[in-house]
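Chain and residue survey
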Amino acid sequence: MEILRIGFIGAGGNTRLRHLPGFNKCEGVEPFAVCNRSLESSQKVAEEFGIRHAFADWQEIIDHPDVDAVCIGTWPNTHAQMTIAALEAGKHVLCEARMAANLVEAEAMLAASRVRPDLVSQLVPSPLTLNLDTRIITLLQESLIGKLQEVFVGHTFADYQHPEDPLPWRLDRRLSGVNALTLGILHEMLQRWIPGDLDVLQALAGIYTPTRIDDATGERIEVTLPESLDVLAQFVDGPRLTYHISGVDAGPPILEVRINGTKGSLRVDIAHQTLTFYGLDNEAGKLIEVPPEEKLGWRVEEDFIASIRNGMPVKLTNFDAGIRYMRFSQAVDETWSKFSVT
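The paragraphs below set out a description of the structure included in this document. Note that the structure is predicted; figures quoted are calculated from it, not measured.

Of regular secondary structure, the protein possesses ten helices and 16 strands. Taken against the 2.2 N^0.38 rule, which gives 20 Å for 342 residues, the C-alpha radius of gyration of the protein at 21 Å falls within 12% of a compact globule. The burial tally for the protein puts 53% of its 342 residues in the buried class. When contacts within the protein are restricted to residue pairs at least 6 apart in sequence, long-range pairs at least 24 apart make up 70% of them. Accessible area of the protein: about 15900 Å², with a carbon and sulfur share of 51%.

Here it is in structure tokens:
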């Protein structure tokens, strides 16, 4: 078996936790080179994971003739430049989510991938419901809840309550672009279950700490991404979609989806990985078992290699799906920016 050599651009938490161990488990795959924020940090990662080459400049990964594929684990603001460069250099790409800083950059990535259909272009999928997706899709296709009427997605946590905490990357538009809070990762998940286009009707954002300290410079930076976000959207065929995402909720965290229809409601408790159906005459609800064979789990690196070796189509997640959630995130950003609450 020909050895596939992977170059890593960015070696943050997800790369070290998931991607490097995942590729190490794949037969005939070698984590070959890494470039992190500095040569010193690159060398530390290389030593920890047994990687042959450590670089200070990500372009060295792209230019290296022995690198077959690139795993991009940086912030969204660099994804387009690095992905396009890798594809133009003839290398397969696994790019961390969110796809890009904005829709224009995401569309440029998609265009570059279409120029090189012989190369695999894959985005890291939302991992939140990988063990639940197949069962949810089946239940909705079988009309368990009847005709879809409305969907509510709630995610609350307390990460941004303290105004003296430094500016995190999720609130830093320079790094995250239009990707607000966890909207993108939640919407990618949702669009697996419910197809169809959406119109954003309203979006309101709360920015309660106008400035935060930038750790890199010690200066106070204006916060221009939400600490709290509410979105009202509508599917083209009628059902309503509501998001409530808040990083300033001191209560117990919530991560759930409620899908309501004419025959009942399906509750997806993401935090506890459970599905409950509430029929019209069943207030107690019925816990739905998920067959073990449907619990697909995390297999991103394995699927990426299978696509390269066997031509297996990319499902989780291809660039077309990325464009869909980036289009939604762009529309939400443009809408809430007109009505932000400070």
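Structure shown, so let's carry the discussion forward.
Let's shift gears to the pairing of strand E14 (residues 264–269). Bridge count for strand E13 (residues 254–261) against E14 is six bridges, and the pairing is antiparallel. Each residue of the ladder has a partner; that of Asn-260, found in E14, is Ser-265. Two successive antiparallel strands, E13 and E14, enclose a turn made up of two residues. Relative to strand E15 (residues 274–279), E14 runs antiparallel, the two being bridged by six bridges. The residue bridging Ser-265 from the neighbouring strand is Tyr-278, located in E15.

The side-chain alternation of strand E4 (residues 69–72) yields two buried faces, one formed by Ala-69 and Cys-71 and the other by Val-70 and Ile-72. Relative to strand E5 (residues 92–95), E4 runs parallel, the two sharing four bridges. Each residue of the ladder has a partner; that of Val-70, found in E5, is Val-93. For the handedness criterion, the β-α-β arrangement of E4, helix H4 (residues 79–88) and E5 is classed as right-handed.

What follows deals with the sheet that holds strand E11 (residues 228–235). Sheet architecture is open: eight strands sit in the order E8-E11-E12-E7-E13-E14-E15-E16, paired in mixed fashion. With one partner strand each, in any of the chains shown, strand E8 (198–206) and strand E16 (286–288) form the two edges of the open sheet. Recorded for the sheet is a direction-independent mean angle of 15° between the axes of neighbouring strands. Relative to E16, E15 runs antiparallel, the two being bridged by three bridges. Within E16, the position partnered with Leu-275 by the bridge is Ile-288. Across the face of the sheet, helix H10 (residues 319–336) comes into contact with E8, E11 and strand E12 (240–246) while running at roughly 50° to E8.

Calculation criteria
Residues numbered from 1 in each chain as written. Predicted model: local features only at pLDDT ≥ 70, side-chain atom pairs only at ≥ 80, totals over all residues. Heavy atoms only, no water. Helix = DSSP H or I, 4+ residues; strand = E, 2+ residues; numbered from the N terminus. Rg over C-alpha atoms; globule rule 2.2 N^0.38 Å. Buried < 20%, exposed > 50% of the residue type's maximum accessible area, 1.4 Å probe, protein only. Contact = heavy atoms within 4.5 Å. Areas by Shrake-Rupley, 256 points an atom, 1.4 Å probe, with all protein chains shown as cover. Pairing = 2+ DSSP bridges. Right-handed = clockwise from strand over helix to strand, strands pointing away. Axes fitted to C-alpha atoms, helices over the stretch in contact; angles between N-to-C directions.

Function cannot be inferred from these measures alone, as they are strictly geometric.
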